[in-house]
Amino acid sequence: MTTSSPAAANSGADPLASVDALIEGLAGVGYIASRRIATALYMAVNLQKPILVEGSAGVGKTELALSTATMLGQPLIRMQCYEGLDESKALYEWKYGKQLLYTQILKDRMGEALADATSMEAAMERLHGMGDLFFSEPFLEPRPLMKALREDDGCVLLIDEVDKSDEAFEAFLLEVLSAYQVSAPELGVIKAKTPPLVFLTSNNVRDLGDALKRRCLHLHIPLPEASLEEKIVASRVPGIEARLTRELVAFVQSLRTLDLRKAPSISETVDWARALVLLHAGSLDAEVVRDTLNVILKFEQDIAAVEPQVVELIHRR
């Protein structure tokens, strides 16, 4: 997927010139970054190190990679991790259907080519030569890792939810992350001309290995303070009134102090702000909060626990 970078293109400024330039560049594409986030990204770019982004779901880990690609005007290549993901799904596969089709089409020609072979060894030698043709570029199906390494002008590679993959796949990633290359039996070593900017995200489903962590810069994105969350809402929900922004952020911040099964994340705050704007709410009141609690709370037991406290939470500052 290719995304454009209107902010960088129009301003002419280099968003990678400094930490402050990165903060401004990300803000230009709608991502409000803390100085800690921008500093980690600045180091990852200049040290050519992958960046491992951890934090609870919905705090903006994936969005950081998407926004960085947009800011830089580079292709974004995304690999979604899951249990059972293996090398063939991540690196490359052969188009077996196409190979079979071509084998059937060329069957007669292969017979003609072998007709004058004087021995079994000669016939096998010719077959080996033909076999190599079926493991060449026209029959190759590149997957995300190979696509990223083949982007001559660079790209942003997002390895999303790496903690959901198996330890064996994590070990496979080590060569990619340390040398920006992979070894393939049929193709040899594939090395990136321009190393991709790599983001790995983790929700801490399992502990990642020390070898993987050692190859990455570490960034933990926490739930934001109220002032930063207000800026995020204002950026993501154009036209929202400042008063409503302050009130809904204060309410969400209060919810996070409660013993809930799942506290609201940034993404749920933004969704709630959009819902309130859609309902033409100018400020929070108990009725509109109760009607929309399902936007910010994802479990019925949490909704049932919060409903009796709505009035108190609205007036808590």
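Up top is the structure these notes are about.
Predicted, not measured: the structure shown is a model, and the values here were computed from it.

Conventions adopted
- Residues numbered from 1 in each chain as written.
- Predicted model: local features only at pLDDT ≥ 70, side-chain atom pairs only at ≥ 80, totals over all residues.
- Heavy atoms only, no water.
- Pairing = 2+ DSSP bridges.
- Helix = DSSP H or I, 4+ residues; strand = E, 2+ residues; numbered from the N terminus.
- Axes fitted to C-alpha atoms, helices over the stretch in contact; angles between N-to-C directions.
- Contact = heavy atoms within 4.5 Å.
- Parallel < 35°, antiparallel > 145°, perpendicular 65-115°, else oblique.
- Left-handed = near helix turned anticlockwise from the far one by under 90°.
- Nonpolar A, V, L, I, M, F, W, Y, C, P; charged D, E, K, R; others polar.
- Polar contact = N/O pair within 3.5 Å; in protein donor to acceptor, adjacent residues only side chain to side chain.
- Phe/Tyr/Trp six-rings, centres within 6.5 Å; stacked < 30°, edge-to-face > 60°.
- Buried < 20%, exposed > 50% of the residue type's maximum accessible area, 1.4 Å probe, protein only.
- Arc of directions from axis to C-beta.

(A) Representation of the sheet that holds strand 5 (residues 156-160) in the model. With parallel pairing, five strands are arranged side by side in an open sheet as 2-5-8-1-9. The two strands at the open ends of the sheet, each matched to only one other strand, are strand 2 (76-80) and strand 9 (217-220). If you compare each strand with its neighbour and ignore which way they point, the axes differ by 20° on average. Pairing geometry for strand 1 (residues 51-54) and strand 9, over four bridges, is parallel. Its bridge partner lying in strand 9, leucine 52 is registered against histidine 218. Where helix 3 (residues 35-47) meets the sheet, it contacts strand 1, strand 8 (197-202) and strand 9, and its direction lies at approximately 160° from that of strand 9. Contacting strand 1, strand 2, strand 5, strand 8 and strand 9, helix 4 (residues 61-72) runs over the sheet at an angle of about 165° to strand 8.

(B) Representation of the packing of helix 12 (residues 226-236) against helix 14 (residues 266-278) in the model. Where helix 12 contacts helix 14, the two axes come as close as 10 Å, and the packing angle between them is 50°. The angle between helix 12 and helix 14 falls in the class oblique. Crossing angle aside, the handedness with which helix 12 passes helix 14 is right-handed. Between helix 12 and helix 14, the contacting residues are Glu229, Ile232, Val233 and Arg236 on the first element and Ile266, Thr269, Val270, Ala273 and Arg274 on the second. When its residues are assigned to classes, the contact of helix 12 with helix 14 shows five nonpolar, one polar and three charged.

(C) The side chain of serine 202, seen in detail. For serine 202, the position within the fold is in strand 8. A polar contact is formed between the side chain of serine 202 and the backbone nitrogen of asparagine 204, at a distance of 3.0 Å. The residues contacting serine 202, other than those within four sequence positions of it, are Leu52, Val53, Glu54, Gly55, Lys61, Val162, Asp163 and Leu208.

(D) Representation of the packing of aromatic side chains in the model. Tallying each qualifying case throughout the model produces two aromatic pairs. When the centroid spacing of 5.8 Å and the interplanar angle of 40° are considered together, the rings of phenylalanine 169 and phenylalanine 172 count as tilted. Of this pair, phenylalanine 169 and phenylalanine 172 both sit in helix 10 (residues 167-179), three residues apart, which is roughly one turn of that helix. Taken individually, phenylalanine 169 and phenylalanine 172 each receive the classification buried, so the pair is uniform in this respect.

(E) Local environment of helix 15 (residues 286-296). If you check which residues of helix 15 are buried, you get Ala286, Val288, Val289, Thr292, Leu293, Val295 and Ile296. Mapping the buried residues of helix 15 onto a view down its axis gives an arc of 160°, with all of them on the same face. Residues Glu287 and Asp291 are exposed on helix 15 and point more than 90 degrees away from its buried face. Where the residues of helix 15 are buried, they touch helix 13 (242-255), helix 14, helix 16 (300-306) and helix 17 (310-315). The N-terminus of helix 15 is capped by aspartate 285, whose side-chain oxygen sits 3.1 Å from the backbone nitrogen of glutamate 287.

(F) Layout of the environment of alanine 57. Relative to the elements of secondary structure, alanine 57 occurs in the loop between strand 1 and helix 4. Spatially, the C-alpha atoms of alanine 57 and serine 267 are 8.8 Å apart, while their sequence positions differ by 210 residues. The residues contacting alanine 57, other than those within four sequence positions of it, are Asn203 and Ser265.

(G) Up close: the packing of helix 12 against helix 13. Interhelical geometry of helix 12 versus helix 13 gives an angle of 130° and a closest axis separation of 10 Å. The angle between the axes of helix 12 and helix 13 places the two elements in the oblique class. The two elements helix 12 and helix 13 cross, and the hand of that crossing is right-handed. Contact residues: Ala226, Glu229, Glu230 and Val233 in helix 12; Thr245, Arg246, Val249, Val252 and Gln253 in helix 13. For the contact of helix 12 with helix 13, the residue count by class is four nonpolar, two polar and three charged.

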